[in-house]
Amino acid sequence: MIHLSIGGLVIALEADGAFPLEVTGATRRFVVEEPAAIDCRIRARWGAVEPAPGPPRFDSGGVWKVYDEGDGLRFDFHSATFGTIPYKSARFDAGFQRGEVTFHSPYFQPDQPLYPLEYPLDEILATQLLGRTGGIELHAAGIVDTDGEGWLFAAQSGGGKTTMSRLWLAAGGAVLSDDRIIVRESGGSIRMFGTPWHGEAELSVASSAPLRGIFLLHHGSENRCVRVVAPTSLAELLTRAFPPLWDRSSVDAALAFLDRLTEAVPVLDLWFHPDQETVAFLRECSAEVSRR
Amino acid sequence: MEQRDETQPEETKKQYRKPELFRFPLRAEEAVLGFCKTASTGGPNVGNCAIPSACFSQGS
């Protein structure tokens with residue numbers, strides 16, 4: 001059995017028989033020894049995936065769809081490379097405490113190493129678990145400055161997260177991820193967690209830090225930061241988050257969490273021009289935020 | 001039967017503000033984790049495209 005800890009969410013992975021289970025890439029950094037508590041237990045297996053009998057609850061418009069199945073959910077993953085039958089199907093109970101991932105065996109070599117939670121299932125599972133345990137995944141780079149304080153730089157794709165990450169690395173900061181960060185309440189405060197889901201710079205660390213502030217990135221000709229107040233800050237973060245939109249109670253939980261987050265942590269618009277002045281400017285901006 | 005006093009002094013009443021509607025841009029294809037990062041869509045980088053998977057495509 002393999003245990004992963006991502007954002008404080010603990011997932012146990014095991015496989016039937018000779019299934020070639022392997023954890024790949026940056027996710028290897030998130031493997032842990034047997035933990036005290038497990039949020040979700042997953043078994044991977046070969047099988048013959050049958051198409052789902054009815055219409056989906058939600059269609060991503062991309063590689064996956066989700067169906068109601070009993071009290072739980074079934075996620076089917078398609079790729080044009082293979083054909084019309086899902087290459088992978090994942091079933092979970094209503095509480096997402098147990099799951100089973102079936103790979104359609106005709107599509108694969110029997111000894112081909114496979115990671116059952118390969119994207120996007122890993123993130124889908126994380127968002128579902130966060131909807132039940134509290135927290136949210138943000139489209140953001142997570143930076144830990146040399147004083148140990150954490151700052152998020154949130155943006156949609158192309159918004160400058162990896163560029164900002166590289167600037168901070170050069171200035172002695174640490175990058176928990178240059179693309180996806182999990183934010184949760186822990187011990188009465190807000191913490192940000194690195195994830196294996198990185199951007200172009202492939203920056204990913206299995207660590208966490210206290211979250212002191214959030215910057216909403218914008219491209220600009222000069223560096224400028226402006227405080228954003230609620231409820232605008234909540235709405236802006238929602239467009240840079242990954243709530244499970246097909247699960248109403250999880251969306252409610254995500255909104256409630258974002259409400260608490262924006263009350264507890266300052267959010268600022270940041271227009272930046274990436275140069276040698278950017279980090280120094282941000283440290284001044286951060287110091288101003290911390291004084292308030 | 002006692003009733004709650006529904007009247008309020010004028011000075012404690014909140015001033016009426018007409019509701020305003022604001023739009024915030026959302027990239028649906030990113031938000032629903034449906035796609036991998038390509039030149040035209042957003043998504044996380046998937047380093048290993050040799051294994052057939054959601055992110056396998058010729059030239060990715």
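Residues numbered from 1 in each chain as written. Chains lettered and ligands numbered in written order. Predicted model: local features only at pLDDT ≥ 70, side-chain atom pairs only at ≥ 80, totals over all residues. Heavy atoms only, no water.

Asker: Can you walk me through the nonpolar core in this structure?
Answerer: In a soluble, globular protein the nonpolar side chains are often hidden away together inside. Residue and element names in this part refer to chain A. The biggest cluster of nonpolar side chains holds 42 residues, and the ones touching the most others in it are Ile-42, Trp-64, Phe-75, Phe-77, Phe-92, Leu-117 and Leu-125. Of all elements in the fold, only β1 (2-6), β2 (9-15), β4 (40-47), β6 (64-69), β7 (72-77), β8 (88-92), β9 (98-104) and α1 (121-133) reach the threshold of two or more residues within this core. If we ignore the near neighbours within four places in the chain, the residues touching Leu-125 are Ile-11, Cys-40, Ile-42, Phe-92, Phe-96 and Leu-117. (Core = buried A, V, L, I, M, F, W, Y, C linked by side-chain atoms within 4.5 Å. Buried < 20%, exposed > 50% of the residue type's maximum accessible area, 1.4 Å probe, protein only. Helix = DSSP H or I, 4+ residues; strand = E, 2+ residues; numbered from the N terminus. Contact = heavy atoms within 4.5 Å.)

Asker: Where do I start with the sheet that holds β9 of chain A in this structure?
Answerer: To summarise the sheet geometry, strands pair through backbone hydrogen bonds and adopt either a parallel or an antiparallel arrangement. All names here are of chain A. Reading across the sheet, the nine strands line up as β3-β1-β2-β4-β9-β8-β7-β6-β5 and stay open at both edges, with mixed pairing between neighbours. Two strands lie at the open edges of the sheet, namely β3 (31-32) and β5 (58-59), each paired on one side alone. Alignment of β6 against β7, held across six bridges, turns out to be antiparallel. Opposite Trp-64, over in β7, you have Phe-77 as the bridge partner. (Pairing = 2+ DSSP bridges.)

Asker: Can you help me understand empty space enclosed by the protein in this one?
Answerer: Left-over empty space is what a probe sized like a water molecule reveals as it rolls over the atoms. Enumeration over the complete set of coordinates arrives at three cavities of 30 Å³ or more. Its volume calculated, the largest cavity comes out at about 60 Å³. What lines the largest cavity is Thr-127, Leu-130, Gly-131, Gly-135, Ile-136, Glu-137, Phe-242, Pro-243, Pro-244, Ser-250, Ala-253 and Ala-254 of chain A. At the level of elements, α1, β10 (136-144) and α4 (248-264) of chain A are the ones that each hand at least two residues to the lining of the largest cavity. Among the residues making up the lining of the largest cavity, the classes are represented as seven nonpolar, four polar and one charged. The volume enclosed by the second largest cavity comes to roughly 40 Å³. In terms of lining residues, the second largest cavity is bounded by His-139, Gln-156, Thr-239, Arg-240, Ala-241 and Phe-242 of chain A together with Leu-26, Arg-27, Glu-30 and Ala-31 of chain B. Of the residues in the lining of the second largest cavity, the class split is four nonpolar, three polar and three charged. (1 Å grid on protein atoms, 1.4 Å probe; cavity = no way out; pocket = protein on both sides within 12 Å on 5 of 7 lines; lining within 4 Å. Points joined across faces, edges and corners; volume = space filled by probe spheres on them. Nonpolar A, V, L, I, M, F, W, Y, C, P; charged D, E, K, R; others polar.)

Asker: Just to check I follow, could you spell out the packing of helix α2 (residues 161-170) of chain A against helix α5 (residues 278-291) of chain A for this structure?
Answerer: Any two packed helices are characterised by how steeply their axes cross, that is the angle between the axes, and by the distance between the axes. Residues and elements named next belong to chain A. The interhelical angle for the contact between α2 and α5, taken along N-to-C directions, is 90°, at an axis separation of 9 Å. By the angle between their directions, the pair α2 and α5 is classed as roughly perpendicular. Here Met-164, Leu-167 and Trp-168 of α2 come into contact with α5, specifically with Thr-278, Val-279, Leu-282 and Arg-283. Here the residues of the contact of α2 with α5 sort into five nonpolar, one polar and one charged. (Axes fitted to C-alpha atoms, helices over the stretch in contact; angles between N-to-C directions. Parallel < 35°, antiparallel > 145°, perpendicular 65-115°, else oblique.)

Asker: What exactly am I supposed to notice about the pairing of β6 of chain A here?
Answerer: Put simply, side chains in a regular strand alternate between the two faces of the sheet. All names here are of chain A. Bridging between β5 and β6 involves two bridges; their strand directions are antiparallel. Bridging from a neighbouring strand, Asp-59 pairs with Lys-65 of β6. Count of turn residues in the β5/β6 antiparallel hairpin: four residues, of which Gly-61 carries a positive phi of about 80°. Where β6 folds back on β7, the antiparallel hairpin that results is connected by two residues, among which Gly-70 adopts a positive phi of roughly 60°.

Asker: I would appreciate a short explanation of unusual backbone geometry in the present structure.
Answerer: The phi angle of most residues is negative, glycine excepted, and most peptide bonds adopt the trans form. Residue and element names in this part refer to chain A. For the bond running from Tyr-119 to Pro-120, omega is 5°, close enough to zero to count as cis. Relative to the assigned elements, Pro-120 resides in the loop between β9 and α1. That bond from Ala-230 to Pro-231 is cis: its omega, -5°, falls within 30 degrees of zero. Within the secondary structure, Pro-231 sits in the loop between β16 (224-228) and α3 (232-238). Located in the positive-phi region is Glu-202, a residue other than glycine, with phi close to 55°. Considering the arrangement of structural elements, one finds Glu-202 in the loop between β14 (189-193) and β15 (208-219).

From the geometry alone we can't say anything about function, so treat these as descriptive.
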